[in-house]
Amino acid sequence: MAVSKEETGQELRHEMLRGVDAVLFDLDGSLVDSMWVWKSIDVEYLGRFGISLPEGLQYEIQGMSFTETAAYFKEHFPIPDSIEKIKADWNRMAWDKYTYEVPLKSGIPKFLSMCKENGIQLGIATSNSRELVENIAGVHKLRDYFTCIVTGCDVVRGKPAPDIYLEAAGRLGVAPKHCLVFEDIVQGIQAGKNAGMRVCAVEDAYSAKEREEKRALADYYIENYWELV
């Protein structure tokens, strides 16, 4: 007898969530469709200083915290501003885009509700700034779902180091082996695995070239969250 898509999704969900007490989400590309925002911001920001966007820049800074990325820009480009000024400018440039142009990943509201109904704690572990995370949480009414939000600036090392996911698990009071991570980039998947957690890779156009590497590194792979609900 043929197995329906719904039945297949239920089996995958049951397998993924078996023994899981907390689900941790990366933000950009995993929880919201926002990875495209940052390339446009980088082009505009560097253009202010007469600098063209170097090829491969996005790959070089993947996984870095907001502060680490600002420090990278300060070190590698002739930018006279302080690291704090760089971050403040980026926040201003991104604010409207995150408020009006960045949607949730497909199927996320239903999946979050399902997790909450089943007593699974939810957390966000992101390299982005707290200001933008709080903004997106407010815009999409996510605050009632998430018990903790950890940013890269809350820990010493950015992804692929496990710091941010271990910090999130610690705040939730859940052992790493009982956590499931959703990530869209290689460095993030590595961070979750380095923390001793199971990881589900999420399809995202920004990291399409790394699709096979993501599949190989992660425990699971989904194209969207409707596959799980």
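Further up the page is the structure itself.
Residues numbered from 1 in each chain as written. Predicted model: local features only at pLDDT ≥ 70, side-chain atom pairs only at ≥ 80, totals over all residues. Heavy atoms only, no water.

**Quick notes on the packing of aromatic side chains**
Heads up, the condition is: Whether two aromatic rings pair depends on their centres lying within 6.5 Å, for rings of Phe, Tyr and Trp, where Trp uses its six-membered ring; planes under 30 degrees apart make the pair stacked, over 60 edge-to-face, and the rest tilted. Numbering goes from the N terminus for both helices and strands, where a helix is a DSSP run of H or I of at least four residues and a strand is a run of E of at least two. Here's how the labels work: a residue is buried when its accessible area is under 20% of the maximum for its type, exposed when over 50%, partly exposed in between, all with a 1.4 Å probe on protein chains only.
Under the defined criterion, the tally for this structure stands at 15 aromatic pairs. Plain terms: the ring middles of Trp38 and Phe66 are 6.0 Å apart, the flat faces sit at 75 degrees to each other, and that makes the pair edge-to-face. Note that Trp38 is positioned in helix H2 (residues 35-47) and Phe66 in helix H4 (residues 66-76), a separation of 28 residues in sequence. With relative accessibility at 6%, the residue Phe66 sits in the buried group. Aromatic pair Phe111 and Tyr225: ring centres 5.6 Å apart, planes at 35 degrees, arrangement tilted. Pair noted here: Phe111 is in helix H6 (residues 108-117) and Tyr225 is in the segment after strand S6 (220-222), with a separation of 114 residues, a long-range link. You'll find Phe111 and Tyr225 in the same group, each marked buried.

**A word on the nonpolar core**
The condition is simple: To define a nonpolar core, start from buried Ala, Val, Leu, Ile, Met, Phe, Trp, Tyr and Cys residues and group those joined through side-chain atoms within 4.5 Å. Throughout, a residue-residue contact means that at least one pair of heavy atoms, one from each residue, lies within 4.5 Å.
Formed by 52 residues in total, the largest nonpolar core has its most connected members in Val23, Phe25, Trp38, Phe73, Trp90, Phe182 and Tyr225. With sequence-adjacent residues up to four places away left out, Phe25 is seen in contact with Leu31, Ile108, Phe111, Leu112, Leu122, Gly123, Ile124, Ala125, Phe146, Tyr165, Phe182 and Tyr225.

**Points about H2**
What counts, and what does not: By this rule the span expected of a helix is its residue count minus one, scaled by 1.5 Å. Summarising the geometry, the arc corresponds to the directions from the helix axis toward the C-beta atoms.
Between its terminal C-alpha atoms H2 stretches 19 Å, which fits the 18 Å expected from 13 residues at 1.5 Å a residue. When H2 is considered as a whole, its buried residues turn out to be Met35, Val37, Trp38, Ile41, Asp42, Tyr45 and Leu46. When H2 is viewed along its axis, its buried side chains cluster within an angular range of 140 degrees and face the same direction. The inward-facing, buried residues of H2 abut helix H3 (57-61), H4, helix H5 (83-100) and helix H7 (130-139).

**Some details on the pairing of strand S2 (residues 121-126)**
Note the following rule: Strand pairing follows a simple DSSP-based rule, namely that at least 2 bridges must link the two strands.
For S2, a buried count of 5 out of 6 residues is recorded, marking the element as mostly surrounded by other parts of the structure. As judged from the 4 bridges shared by strand S1 (residues 22-25) and S2, these two strands associate in the parallel manner. Paired with Leu24 across the bridge in S2 is Gly123. Bridge count between S2 and strand S3 (residues 148-151): 4 bridges; the pairing is parallel. When the sheet's bridge partners are listed, Gly123 is paired in S3 with Cys148.

**Section: unusual backbone geometry**
Put simply, Lys159 and Pro160 share a cis peptide bond, and its omega is 20 degrees. By the element assignment, Pro160 lies in the loop between S3 and helix H8 (163-172). Despite not being glycine, Lys141 shows a phi value in the positive range, around 55 degrees. Following the sequence through the fold, Lys141 ends up in the loop between H7 and S3. The class for Lys141 is exposed, based on a relative accessible area of 66%.

**Topic: the side chain of Asp204**
Relative to the assigned elements, Asp204 resides in the loop between strand S5 (198-202) and helix H10 (211-217). You can call Asp204 buried: its relative accessible area is 4%. Other than its neighbours up to four places away in sequence, Asp204 contacts Gly29, Asp33, Met35, Lys105, Asp184 and Lys214.

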